[in-house]
Amino acid sequence: MSRWSYQVETAAGSLIGNLDTLCSAVFVANEGQGGGKKGSNLDVPQLSGERWEDKPEGPADITLVTVLKYGAGESKFMEDLDTLHSYLGHRRPRYLVRTNPKVGKQRARFERLVDPVEGADSNVYVWVLRSLDGSWQDYNQSTATGNPPSVTTGGNRDIFDPEIEFSAAGTFKYTDSAGEEYEIEVDSGPAFPVTIRNIGGEWKAVDNNGAAADQYVTALHPAVMVFEYGSNLSITTTVACTVRWRNRRA
């Protein structure tokens, strides 16, 4: 794991820096520990027990261990430590990007909540980074087009932010393995194609000219669209659609 390559990118995907140039080793000490569920079940009068309610994933903490390089003198060491702070300590969210040899390139949207603590050796610093989405996601999008598109997801966390592009007015309906239905309808009026995506937790629709098209879109599920992980999705459409998504993992 210490040989994995780690970088930091802006929220827009521009490279800020490679941790490999500063560190002889970088690894996640709590690998595989994603965010827990948020929300709770309901206590219903006259009902024994409680009523189950759907719960999305909460944020998670990434314990990132960085081993700074020695050998170039104390001034260079302190300069590299300052650079590491500038990579990981910015006040706005960034992406921690890595190459996982088992699944490929991944990224996690993070912010630093506290300063790092020194590890067992003086060149070891442990950072607690808040994974805002509670999971790692594929760096590159998967895509499928059709009427309906054929979508097979991977990973081990549900995908709460797929992107759906309508070629014309119509409906897109997905039914998960428990029978929960997610349906989006786009009316005539905007310049097609119309793309619906989740931006910072808020669903937005834009037309082919980049203009807002929310007034033409109706979503029948309060979560709009959530794909199950590791599944061949049951999708029906009345028009050709393109689906883009990133598989997620703890």
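All of these numbers come straight from a predicted model, not from anything done at the bench.

K.L.:
Looking at this structure, I do not really get the nonpolar core. What am I missing?
P.N.:
Taken as a class, soluble globular proteins show a tendency for nonpolar side chains to be buried jointly. By size, the foremost hydrophobic cluster in this structure holds 25 residues, and its most contacted members are V151, F166, F172, Y174, M225 and F227. Only strand 11 (163–166), strand 12 (170–175), strand 13 (181–186), strand 14 (194–199), strand 15 (202–206) and strand 18 (241–245) provide two or more residues apiece to this core. In this structure, V8, L22, L68 and Y125 belong to the second largest nonpolar core, which totals 23 residues.

K.L.:
Hey, could you run me through the sheet that holds strand 17 (residues 234–237) in this one?
P.N.:
Two pairing modes exist for strands in a sheet, parallel and antiparallel, and in both the strands are linked by backbone hydrogen bonds. As summarised here, the arrangement of the four strands in space is 16-13-12-17, forming an open sheet in which the pairing is antiparallel. Edge positions in the sheet fall to strand 16 (217–219) and strand 17, since each has one partner strand and no second. Strand-to-strand twist of the sheet, defined as the mean angle between neighbouring strand axes without regard to direction, takes the value 10 degrees. Looking at chain direction, strand 12 and strand 13 are connected through six bridges and run antiparallel. Along strand 13, the bridge assignment pairs T171 with E185.

K.L.:
Would you explain the side chain of R107 in this entry?
P.N.:
With respect to the helices, strands and loops of the structure, R107 is situated in strand 6 (residues 104–112). Not counting residues within four places of it along the chain, the set of residues in contact with R107 comprises Y95, L96, V97, S135, W136, Q137, Y139 and R246.

Reading the values: rules and limits
- Residues numbered from 1 in each chain as written.
- Predicted model: local features only at pLDDT ≥ 70, side-chain atom pairs only at ≥ 80, totals over all residues.
- Heavy atoms only, no water.
- Core = buried A, V, L, I, M, F, W, Y, C linked by side-chain atoms within 4.5 Å.
- Buried < 20%, exposed > 50% of the residue type's maximum accessible area, 1.4 Å probe, protein only.
- Helix = DSSP H or I, 4+ residues; strand = E, 2+ residues; numbered from the N terminus.
- Pairing = 2+ DSSP bridges.
- Axes fitted to C-alpha atoms, helices over the stretch in contact; angles between N-to-C directions.
- Contact = heavy atoms within 4.5 Å.

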